[in-house]
Amino acid sequence: MIRNQSMSATAKMTGRMGVTLEGANKKGRNWLYAVSHQWSVLHLVMGFLLGRAIILQELSPFAVPFFAVMYFLKRNRLLLIMFSIMAGSAMQSIEIASANFIGMAIVLVLLSGVEKRRRIELNYTPLLSSLAVLLSSTAVDYIMNKLSWHAVFMNGVAALLSLILTLIFVQAVPILTSKRSHQHLRTEEIICLIILLASIMTGTVGWIIQDISVDNVLSRYLVLLFAAVGGGTVGAAVGVVTGLVLSLANIDAIHQISLLAFSGLLAGLLREGKKWTVALGLLIGSSILTIYVGEQREILQSSLETFAAVLLFLLTPKFVQEEIAKFIPGTEENASSQQQYLRKVRDITAGKMNQFAQLFTKLSETFAYQHLTEAPDEERQKDYFLSEVTKNTCQRCWKKDQCWNRDFDNTYEALTDMMHIMQRDGDINVNEMPKGWVRKCVKQDRMLAYMEQEYVRWQTQLNLKQQIAESRRLVADQLAGVSRVMKNFASEIQKEGIHLHVQEEQILGALEGVGLSVQNVDILNLEEGKVDIEITQLSCQGRDECSKIIAPLLTDILGEKIMVKNKNCQALEEGTCRMCLGSAQAFEIETGVAGAAKGGQLLSGDCFKIMEFGSGKMALAMSDGMGNGERAYLESSSTLELLQQLLESGMEETLSIKSVNTVLSLRSPDEVFATVDLALIDQHTGQAKFIKTGSTPSFIKRGKEVIPISANNLPIGIIDDIEVDVVSYQLKPGDLLIMVTDGIYEAPRVENKNLWMKRKISELKTNDPQEVADCLLELVIRQHYGEIHDDMTVMVARIEHYMLPWATIPVPNAPKIDRPRYVS
């Protein structure tokens, strides 16, 4: 118990220390950002060192380009930056300080003048800074009587270098001086950043502490940082660039190029360990080259400089490396930063989609509310009808006072009874009128005429209002359906994107371990039941390796059935094959179709479609257009095309049918309708949904048993609004689903056609879908002695358990694939 308590206390202490370190890193990062960016300390230090930096023992091309770039980035700190540059330049010589001051003044005047006339851009900065350096250096040489052809040539070199440095600073300075939310640098930007840092370190040339050169320590420290973050390639590149710039400032340090490059390469190769291994790599690399080219004193001095750089590196907080790693492509920190940026973009997009979905939902509620609030009031409608009738009859009658003032109740009741008779029968005659009212009324014929006339107009208005109400309700349903589709799409967008590089390498290694020449493995989804993997390999020359080897291997590795969804076995120009593999469904469906047009024509009014959706669902649809021939074919084919697009968009099947019905109703003023027979089958569960609008019954053959499936729905397009009944049924392996059009169902010359179809289907001796379709079509045609009196179509589907075509192949030492956790 004491041991458990001590372990618990240790765990708590470790957790507290982790939280404390994390908080310290965060505070350090915030403090560093505040000091370097908000207080402009970083800009002042950069200006001081760049003002002091010289190359080729007499050129100072760094100060003016830096000042020109800072004119755009930190104009509010421009005076302080100028003072820092002048302080650094004054440490070298009055001549360099004067040239830099005149150059900065020229840049300030030129940029201000250009800004007054037009909108100034960074594109003008390189030329203006180059011109300022040339003019300032020439003016100083002229004042000090040093103007010569050599001086003019060197001033031209300085001007050219300032132009190049301005282009470099334009890309590199913002990386250090501004906080970027989207951390991603190109290779050119990384090189520019290294040149900027090396140029800043040039300002430390000549600083010596106890025989240790500060510039050498900082250069090796810079190589250590980038090698630890980016590896050998980045470490060697940083070493080459840093050594080249420092050698221009001190010609005696030309050997630093090879020393830093080799040390950076060796340190980067050992970065998989911790800081100690990177430091050891730099120490070994610098020691080897120093021993090879240096003397004993130089070896000792170089070793001390390397130890100082290693000490600085070991004392560097971890968050500094993490910040640098965000800029280097290929690092985990850079990938995480990119993922955060993409996640923000994805969340914004999903938020917009949800806003649109809420808008459509609100519009749907508005239409539905109007439909409810505008429901007709029966009493009010009755009063309105009677007032219109009496306006042209009783208002001008001399007995008005007697009927409506003295005997209001009896008169109102009599007219109400007459209105109810007219609603029931559509008209009314004198014999059906109340006897008391007939004896009293002196304008019976006129009253009947106006009542019939007003009744017709009233019924027309009621029908129009009813159609408007139904249209609004349909629009509300469709808007609600669109809203649901958009919400589902937004939820798909918001699914957590996960990089699966580790799993891809594991699968690639397992496939190569059995001798396959796999070039690339791309995992799109590794969620159970929704696996989606794309593999590229060298051409198998038609040996079907994807189905025979790769799919069984992945089945063993992932622990679930994997099938080939799509493959391209044709050898491409580079001789590769590409395949798509995914989770296999529990059931597979085999289909067969047979049909014939009326009178043996080419075009049939019956159309069919077999649609597969990515979610493991299959839809079997048949449509019979009104009549025969081309027009019926166009109606049925367009109906199925529209239905397919709606179903693929994710809209519910009932709403899809209603939408198709609305389109057919509004598209043509003529009476145009088509039947739709739709069966949606879930290949994972075997659950089937049947929607029948005006279509004939379907049949399920299970052994000797035949089960009819029917629904009482009108054909689509015949009225504005239809009620869609959905019939669900659980299919089992071995079931035959038979769908027929009315040309097949109505053809037999018997009274009970349903019983006849069941008997003929039960007598079939085959279970092959195509053979069943052919047999039923031939049977019906024989009933009419070879004549085809109507369009006929039979669609048959057989449901079976999905069986892998090849047995699972065990992979020796196969890795255990860790499936990521998908978060919505």
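Structure: above.
Summary of the structure given here. (Residues numbered from 1 in each chain as written. Predicted model: local features only at pLDDT ≥ 70, side-chain atom pairs only at ≥ 80, totals over all residues. Heavy atoms only, no water.)

## A few points about the overall build of the protein
So the rule is basically this: Secondary structure elements are defined from DSSP: runs of H or I of at least 4 residues count as helices, runs of E of at least 2 residues count as strands, and each element is numbered from the N terminus. For every residue, the accessible area obtained with a 1.4 Å probe (protein chains only) is divided by the maximum for its type, and the residue is called buried under 20%, exposed over 50%, and partly exposed between those limits. We call two residues contacting when some pair of their heavy atoms lies within 4.5 Å. Shrake-Rupley sampling with a 1.4 Å probe provides the accessible areas, and residues are treated as covered by the protein chains on show and by no other component.
Per the secondary structure count, the protein includes 27 helices and 16 strands. Taken over 824 residues, the protein has a buried fraction of 45%. Looking at the protein alone, contacts between residues at least 24 apart form 70% of all its contacts between residues at least 6 apart. Per element, the accessible surface of the protein, about 43600 Å² overall, is 57% carbon and sulfur.

## Section: the pairing of strand 13 (residues 705-709)
Heads up, the rule is: Here a strand pair is declared whenever DSSP counts at least two bridges between the two strands.
Of the strand pairs in this sheet, strand 12 (residues 698-702) and strand 13 are connected by 5 bridges, and their pairing is antiparallel. Within the sheet, the bridge partner assigned to Lys701 lies in strand 13 and is Val706. Counting the residues that bridge the hairpin from strand 12 to strand 13 gives 2 residues, and of these Gly703 lies at a positive phi of roughly 70°.

## Some words on the sheet that holds strand 6 (residues 576-583)
Definition in use: Axis lines are fitted through C-alpha atoms, for helices just across the contact stretch, and the angle between N-to-C directions can take any value from 0 to 180 degrees.
Strand order in the open sheet formed by 4 strands is 3-4-6-5, and the pairing between neighbours is antiparallel. Edge positions in the open sheet fall to strand 3 (518-525) and strand 5 (562-568), since each of these has one partner strand only. Taken over all neighbouring pairs, the strand axes of this sheet differ in orientation by 20° on average, direction set aside. In the sheet, strand 4 (residues 532-538) pairs with strand 6 via 7 bridges, with the strands oriented antiparallel. Directly across from Ile535, in strand 6, lies its bridge partner Met579. Those strands touched by helix 21 (residues 501-513) are strand 3 and strand 4, and its axis lies near 140° from that of strand 3. Packed on one face of the sheet, helix 22 (residues 545-558) meets strand 4, strand 5 and strand 6 and runs near 145° to strand 5.

## Remarks on the environment of Phe72
The residue Phe72 is located in helix 3 (residues 63-73) in this model. Residue Phe72 is classed as partly exposed on the basis of its relative accessible area, which comes to 25%. Each C-alpha atom, one on Phe72 and one on Val170, is 9.8 Å from the other, the two residues being 98 residues apart in sequence.

## So, the pattern of salt bridges
Worth spelling out the cut-off: Any carboxyl oxygen of Asp or Glu that lies within 4 Å of a side-chain nitrogen of Lys or Arg is treated as forming a salt bridge with it.
A full pass over the atoms with the stated rule returns 11 salt bridges. Among the salt bridges present, the one from Lys146 reaches Glu95, with a minimum N-O distance of 3.2 Å. Of this pair, Lys146 sits in the loop between helix 6 (125-143) and helix 7 (149-177) while Glu95 sits in helix 5 (residues 94-117), placing them 51 residues apart in sequence. In this structure Lys146 comes out as partly exposed when scored by relative accessible area, which is 43%. A salt bridge links Glu763 to Arg759; the nearest nitrogen and oxygen atoms lie 3.7 Å apart. Its relative accessible area of 41% is what places Arg759 among the partly exposed residues. When salt bridges that share partners are traced, they join Asp522, Glu534 and Arg578 into one network.

## A look at the sheet that holds strand 7 (residues 587-596)
An order of 7-16-15-12-13 is seen for the 5 strands of this open sheet, with the pairing classed as antiparallel. Looking at strand neighbours, the two that pair on one side only are strand 7 and strand 13, the edges of this open sheet. Averaged over all pairs of adjacent strands, the angle between strand axes in this sheet comes to 20°, irrespective of strand direction. Taken together, the 3 bridges between strand 12 and strand 15 (residues 736-740) define a ladder with antiparallel strand orientation. Note on strand 15: the bridge partner recorded for Phe699 is Ile738. Across the sheet, helix 26 (residues 753-762) is in contact with strand 12, strand 13 and strand 15; its angle to strand 12 comes to roughly 35°.

## As for helix 11 (residues 256-269)
Applicable threshold: Expected span of a helix, by definition, is 1.5 Å for each gap between consecutive residues, and there is one gap fewer than residues.
End to end, helix 11 covers 20 Å across 14 residues, agreeing with the expected 20 Å (1.5 Å per residue, within 8%). By the burial criterion, the buried members of helix 11 are Gln256, Leu259, Leu260, Ala261, Ser263, Gly264, Ala267 and Gly268.

## Some details on the packing of helix 3 against helix 6
Defined as follows: Oblique is the label for any angle not under 35 degrees, not over 145, and not in the 65 to 115 range, which are roughly parallel, roughly antiparallel and roughly perpendicular in turn. Here a crossing is called left-handed whenever its near helix is offset anticlockwise from the far helix by less than a right angle, and right-handed whenever the offset is clockwise. Only Asp, Glu, Lys and Arg are considered charged, only Ala, Val, Leu, Ile, Met, Phe, Trp, Tyr, Cys and Pro nonpolar, and every remaining residue, Gly among them, polar.
Here helix 3 crosses helix 6 at 140°, and the two axes come no closer than 9 Å. In terms of orientation, helix 3 and helix 6 fall into the oblique class. Regarding helix 3 and helix 6, the two cross each other, and that crossing is right-handed. Facing Val64, Pro65, Ala68, Val69 and Phe72 of helix 3, the residues of helix 6 in contact are Thr125, Ser129, Ala132 and Val133. Per-class residue counts for the contact of helix 3 with helix 6 are 7 nonpolar, 2 polar and no charged.

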